[in-house]
Amino acid sequence: MGELLKGKPVADAIAKEVKDRVQELKAKNIQPKLMIVRVGERPDDISYEKAAIKRMQGCGIDSQVVLLPADISQNDFIEKLKSVNNDESVHGILLFRPLPGQIDESIVKHIISPEKDIDCFNPANVAKIVEGDKTGFAPCTPRAAMEILKYYKVELKGKRAVVIGRSLVVGKPMAMLLLEEDATVTICHSKTPELSKLTSEADILVAAIGRARMIKDDFIKEGAVVIDVGINVDRDGNICGDVDTERCREKASLITPVPAGVGSVTTAVLAKHVLKACCLANNI
Ligand code: NDP
């Protein structure tokens, strides 16, 4: 029976390290600050915002929310985002996406400067992940998955990794981060034929699909490490991942639960990114 890779100890360890370093910065009169920009009242955004604010408080990081109406015009949105970006007291900016349809993401993604873009919206940070440039910021979710693998000492070098999903928020950056650690990486998606044949060769399997419990035990190699990034609501209204955890546990050696897995590490990574942005801004 595979061991559950719980996110909480990982998040606690990251948060403690961040808190200690924030104390050192405060002793030098430097106060890290996160600005959250939320457009509208989507419940998922609000619940992540609450969790993020609590995490920042726990780490000694200031946070503030700019709330904009869902029907804001593109011009007004750009003006607001520019003013947040130009605020020198702000080190990191988290912008909830997707943005409403009237706002063209291909234009606004350039506004948050790469140094403050702690969740990897700006293409400059996407490029840095591909280049392996450590001054960039990967999106918090794939970075959280990597933190779990690191915390539980999962060997990645030379291993076969399969990532299901190719979004810019999870799948693609996840593949790049695994490649950076010398895994041999395959990316799968909805047009991949014989998906289970590929996934059942993976030492490390990452599911970032958005389909409740789609990954069954016949997708899994005996002894594989399974990282479930999915957050779905099943027919009974329960939160579940992309992996059928109970069935896959029989074969996997290590497996992240949902909830209490990857999702519970993302706010700690967010705090780590604000700290890093603050250090970069102060040449530390
Ligand atoms: P997207 O919808 O943007 O991407 C889903 C990917 O899965 C696409 O690449 C799609 O392929 C692929 N896919 C869909 N169906 C299949 C299938 N039947 N077989 C193989 N591949 C398939 O989702 P995101 O990347 O934004 O998110 C993925 C999951 O992660 C979601 O459940 C989301 O809720 C969760 N998530 C969790 C976070 C956390 O903090 N834990 C944060 C962000 C997301 P194609 O490109 O061909 O369409």
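Residues numbered from 1 in each chain as written. Predicted model: local features only at pLDDT ≥ 70, side-chain atom pairs only at ≥ 80, totals over all residues. Heavy atoms only, no water.

## Describing the nonpolar core
(1) Moving on: The biggest cluster of nonpolar side chains holds 56 residues, and the ones touching the most others in it are Leu149, Leu178 and Ile227.
(2) Moving on: Broken down by element, this core gets its largest block of residues, 9 residues, from helix 10 (residues 266–281).
(3) Moving on: Residue assignment places this core across two domains, with domain 1 (29–115) and domain 2 (140–263) each supplying three or more.
(4) Moving on: Among the nonpolar cores identified, the runner-up in size contains 19 residues, and Met35, Leu68, Leu81 and Leu95 belong to it. (Core = buried A, V, L, I, M, F, W, Y, C linked by side-chain atoms within 4.5 Å. Buried < 20%, exposed > 50% of the residue type's maximum accessible area, 1.4 Å probe, protein only. Helix = DSSP H or I, 4+ residues; strand = E, 2+ residues; numbered from the N terminus. Domains from an automatic or database assignment.)

## With respect to the side chain of asparagine 122
(1) Moving on: Locating asparagine 122 in the fold gives a position in the loop between helix 4 (105–108) and helix 5 (123–131).
(2) Moving on: Given a relative accessible area of 6%, asparagine 122 falls into the buried group.
(3) Moving on: At a separation of 2.9 Å, a polar atom in the side chain of asparagine 122 contacts the main-chain amide nitrogen of alanine 124.
(4) Moving on: When near neighbours in sequence (up to four residues on either side) are disregarded, asparagine 122 contacts Lys109, His110, Ile112, Ser113, Pro114 and Asp117. (Polar contact = N/O pair within 3.5 Å; in protein donor to acceptor, adjacent residues only side chain to side chain. Contact = heavy atoms within 4.5 Å.)

## Digging into the domain arrangement of the protein
(1) Moving on: With domains assigned, the protein is organised as domain 1 (29–115) and domain 2 (140–263).
(2) Moving on: The C-alpha centroid of domain 2 is placed 29 Å from the C-alpha centroid of domain 1.

## Comments concerning the pairing of strand 5 (residues 160–164)
(1) Moving on: The element strand 5 is extensively covered by neighbouring structure, given that 4 of its 5 residues are classed as buried.
(2) Moving on: Pairing analysis gives 5 bridges linking strand 5 to strand 6 (residues 184–188), with the strands arranged parallel. What sits directly across from isoleucine 164, in strand 6, is cysteine 188.
(3) Moving on: The parallel pair strand 5 and strand 6, bridged by helix 7 (residues 171–180), forms a crossover whose chirality is right-handed.
(4) Moving on: Two strands pair when backbone bridges link them, and strand 5 and strand 7 (residues 204–207) are joined in this way by 4 bridges, in the parallel orientation. Bridging from a neighbouring strand, valine 162 pairs with leucine 205 of strand 7. (Pairing = 2+ DSSP bridges. Right-handed = clockwise from strand over helix to strand, strands pointing away.)

## Let's talk about the layout of surface pockets
(1) Moving on: Put simply, the largest pocket is a space of about 1600 Å³.
(2) Moving on: Around the largest pocket, the lining is made up of 50 residues, and of these Thr141, Val169, Val170, Val229 and Ile231 lie nearest the centre.
(3) Moving on: Elements that contribute at least two residues to the lining of the largest pocket include exactly helix 2 (43–59), strand 4 (92–95), helix 6 (140–151) and helix 10.
(4) Moving on: Looking at the lining of the largest pocket, the element that brings in the most residues is helix 2, giving 7 residues.
(5) Moving on: Within the lining of the largest pocket, the residues separate by chemical class into 23 nonpolar, 15 polar and 12 charged.
(6) Moving on: Split by domain, the residues of the lining of the largest pocket number at least three in each of domain 1 (29–115) and domain 2 (140–263).
(7) Moving on: When its volume is computed, the second largest pocket comes out at roughly 750 Å³.
(8) Moving on: Lining the second largest pocket are 32 residues, with Lys134, Arg143, Glu147, Lys150 and Lys272 sitting closest to its centre.
(9) Moving on: Going through the elements one at a time, helix 1 (8–27), helix 5, helix 6, helix 7 and helix 10 are the ones with two or more residues in the lining of the second largest pocket.
(10) Moving on: Broken down by element, the residue count for the lining of the second largest pocket peaks at 6 residues, all from helix 10.
(11) Moving on: When grouped by side-chain class, the residues that make up the lining of the second largest pocket number 13 nonpolar, 4 polar and 15 charged. (1 Å grid on protein atoms, 1.4 Å probe; cavity = no way out; pocket = protein on both sides within 12 Å on 5 of 7 lines; lining within 4 Å. Points joined across faces, edges and corners; volume = space filled by probe spheres on them. Nonpolar A, V, L, I, M, F, W, Y, C, P; charged D, E, K, R; others polar.)

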